[in-house]
Amino acid sequence: MKIFIHSIRRVAFAGAMAAFAMTAFLAASDLYSTTSLTDASRRIAADTATLYRIVDVERLLLLYSRELHFAEATDGTDEGRERQQELLRQLDANMKAVRDDLRRGEQQALAVRMEGRIHDYLAQVRRLRYAELPVSELIARLGPDLDAALAATRELRATQAEHLRRLGARESSLRTMANGTALATSLAVLLLGFVFQRVVKKDVLEPLTSLKVTIDRFRDGDHEARSGRHRLAELNAVSRRLDGLLETIRRSEETRLASLGAVAHDLRNPLGTLRLSLEGLQDASPIPEARLKRSLETALRQVERLTRMVSDLLDAVRIRAGKLELKTARIDLREPVRQVVREYRLSVSDAHPIESDLPGEAVVVAADFGRICQVVENLLSNAVKYSPEGGPVDVRLRVEDGTAVLSVSDEGIGIAEDDQERIFQPFLRVTHGDGLEGVGLGLSVSRELVRAQGGELGVESTPGSGSTFSVRLPLASREERDPPPIAP
Amino acid sequence: MSIAGGMADLLIVDDDPGAGEMLAVVLRDRGHEVRVAHDGRQGYDMVDERLPDVVILDVEMPRLDGPGMSRLMLAEDVGKEKVPVLLVSGVEQLEQVAARVGTPYFLEKPFPLPELLSILERCLSEKRPPEPEPETET
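Residues numbered from 1 in each chain as written. Chains lettered and ligands numbered in written order. Predicted model: local features only at pLDDT ≥ 70, side-chain atom pairs only at ≥ 80, totals over all residues. Heavy atoms only, no water.

Undergrad: So what exactly am I meant to see when it comes to the interface of chain B and chain A here?
TA: Interface size is commonly expressed as the accessible area that is lost once the parts come together. In this assembly, 28 residues from chain B lie in contact with 30 residues from chain A. Across the chain B to chain A interface the summed buried area is about 2,500 Å²; carbon plus sulfur atoms make up 51%. A per-residue breakdown of the area chain B buries against chain A is headed by B:Met22, B:Glu60 and B:Arg63, which together make up 25% of the total. On inspection of chain B and its partner chain A, the count reaches 4 salt bridges. B:Glu108 is the partner of A:Arg268 in a salt bridge, and the nearest nitrogen-oxygen pair spans 2.8 Å. At the junction of chain B with chain A, the criterion picks out 8 residue pairs in polar contact (both at pLDDT 80 or more). Considering each element in turn, the side of chain B that touches chain A owes the most residues, 8 residues, to helix α1 (residues 17–29) of chain B. Residues belonging to the side of chain B that touches chain A are distributed by class as follows: 14 nonpolar, 2 polar and 12 charged. (Contact = heavy atoms within 4.5 Å. Buried area = accessible area lost by both parts, 1.4 Å probe. Salt bridge = Lys/Arg side-chain N within 4 Å of Asp/Glu carboxyl O. Polar contact = N/O pair within 3.5 Å; in protein donor to acceptor, adjacent residues only side chain to side chain. Helix = DSSP H or I, 4+ residues; strand = E, 2+ residues; numbered from the N terminus. Nonpolar A, V, L, I, M, F, W, Y, C, P; charged D, E, K, R; others polar.)

In structure tokens, the structure reads:
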């Protein structure tokens, strides 16, 4: 079964064609065999009847000659003469029938000859019976003509018998052929059925079972279960799609678990510090005012951190679910930047001077003021966090080709090239030299927020010398005419 | 002062400023001398400056992480290798990290304060420095 079958349609087409061809062939050969057989049988029956008539002619001729000799020997009776007349009539009728039967070829010529000889004999009989010859002489003188007539009759009989034998042989071979055709038909039908059963079993049923088993195994928790390749194109396509779907489900399940783990993990630090700041107050009594203030400040900062993390988490969920709501309005992008920088300067140590460079005129974009603040805050907090040895953080806003470009640069540890795209994926943790650093959700949420407002957030970084994160937003007044923003 | 033998000289190494500072405040309340570093490199420099009685060490930090700093301390034979290390972190499978570092002292964040104090006390009385297993794996 090494024919090239790659598709159910082709199998079905090939099968249908084969079945059709087989049926047509069988019908034709059956029709031919039946017709030929019927025809041959009919002809054998007719020719056999003719043969009997020829034999009858011979018999009647002999009977007549015996009757004639007897009559001549005994001077005859009326009864004897009537029997002779009757025999002659029968002889004549039979000869006529034989002549009618045999209208072609060799037999016709022989029949004519037979008739001629018999007429010669009868003419001789008429001539001699009135010659009053003695019986013995009459018999002797009629002898040659009778022999010739009988010989001609026997020759015709032999030829007709031979003809019949040939017809019989032909009919017999036709019968064999008909039987052969029937046998071939049965075999062909069996073979076709077998082949179809094999093809259907191997190429259709088994793959379908394998698909079912794969789905069952996956459902029962084997997330590596895959259906693999199959021979038929359609099943292969289904299998490939199923495997792709299972892979997507597996990855999404993995991501979901990793996300949960990452969220729990990231909550541990602020929770730990919060707990410590409150617990530390329990047994210190009386509590000095400065000490109390410090603990409360720390506790409050942890609560703020936790709040921000939970907000980021909610935002990430909303973004994934496509339910992020933006309060978009025409805003001067300098405003949120100024506000965040002002607030940040108050909370960050002197080791991280924040420089801002804003244009003299308004930079108008269509955006959500609060969300822009969130993005700038996130970029500033990252810049500070990843500059552990201090160093300035620069915030710049400028307009390039109808696009507002807001960049936050630090002189911190930088980001390895391989990690520059990964840091924007939610929950991923990035290797940093000797250590591991959780990046949480901030950057992923920020990028999605910027994208939702028609912009893009990207990074350029050199490990060891710092990073620059850039937000690009189309200017509001030229929004329609501008090409879509390009990722840096 | 809950620790026998009086105050101890402690070094906290934690990249989370709030966490490190708060822990320092609480431990100072108990009479200890506490310094705070924000990553492994800074911590190593401070150990170099003056040997503490115990290093309270976070695991995940930029520049140089906790296990890396512990390894550096063991590399030289000038006393730093004798300082006990207490790993305090929120990383998963902290016990395995501690086994790799070779220290018997570790505490998962977030922790109840009494638990920290008791393990710190144990640390100060036993003074077992890290003994990492010889590196068999690649």
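Undergrad: Mind showing me how you'd approach the sheet that holds strand β4 (residues 85–89) of chain B here?
TA: In a beta sheet, neighbouring strands pair by backbone hydrogen bonds and run either parallel or antiparallel. Residues and elements named next belong to chain B. Read from one edge to the other, the open sheet built from 5 strands follows the order β2-β1-β3-β4-β5, with strand pairing classed as parallel. Of all strands in the sheet, those bounded by a partner on one side alone are β2 (33–37) and β5 (105–108). Averaged over all pairs of adjacent strands, the angle between strand axes in this sheet comes to 20 degrees, irrespective of strand direction. Alignment of strand β1 (residues 9–13) against strand β3 (residues 54–57), held across 4 bridges, turns out to be parallel. Within the sheet, the bridge partner assigned to Val 13 lies in β3 and is Leu 57. (Pairing = 2+ DSSP bridges. Axes fitted to C-alpha atoms, helices over the stretch in contact; angles between N-to-C directions.)

Undergrad: Would you explain the pattern of salt bridges in this entry?
TA: A side chain with one charge can pair with a side chain of the opposite charge if their charged atoms come near. Residues and elements named next belong to chain A. For the structure on display, the rule yields 52 salt bridges over all chains. Glu 137 is paired through a salt bridge with Arg 141; the nearest N and O atoms lie 3.7 Å apart. You can see Glu 137 and its partner Arg 141 sitting in helix α4 (residues 135–219), 4 residues apart, about one turn around the helix. Relative accessible area serves as the criterion here: at 34%, Glu 137 is assigned to the partly exposed category. A relative accessible area of 40% means that Arg 141 is categorised as partly exposed. What emerges from the salt-bridge pattern is a single network uniting Arg 226, Glu 247, Arg 250, Arg 251 and Glu 254. (Buried < 20%, exposed > 50% of the residue type's maximum accessible area, 1.4 Å probe, protein only.)

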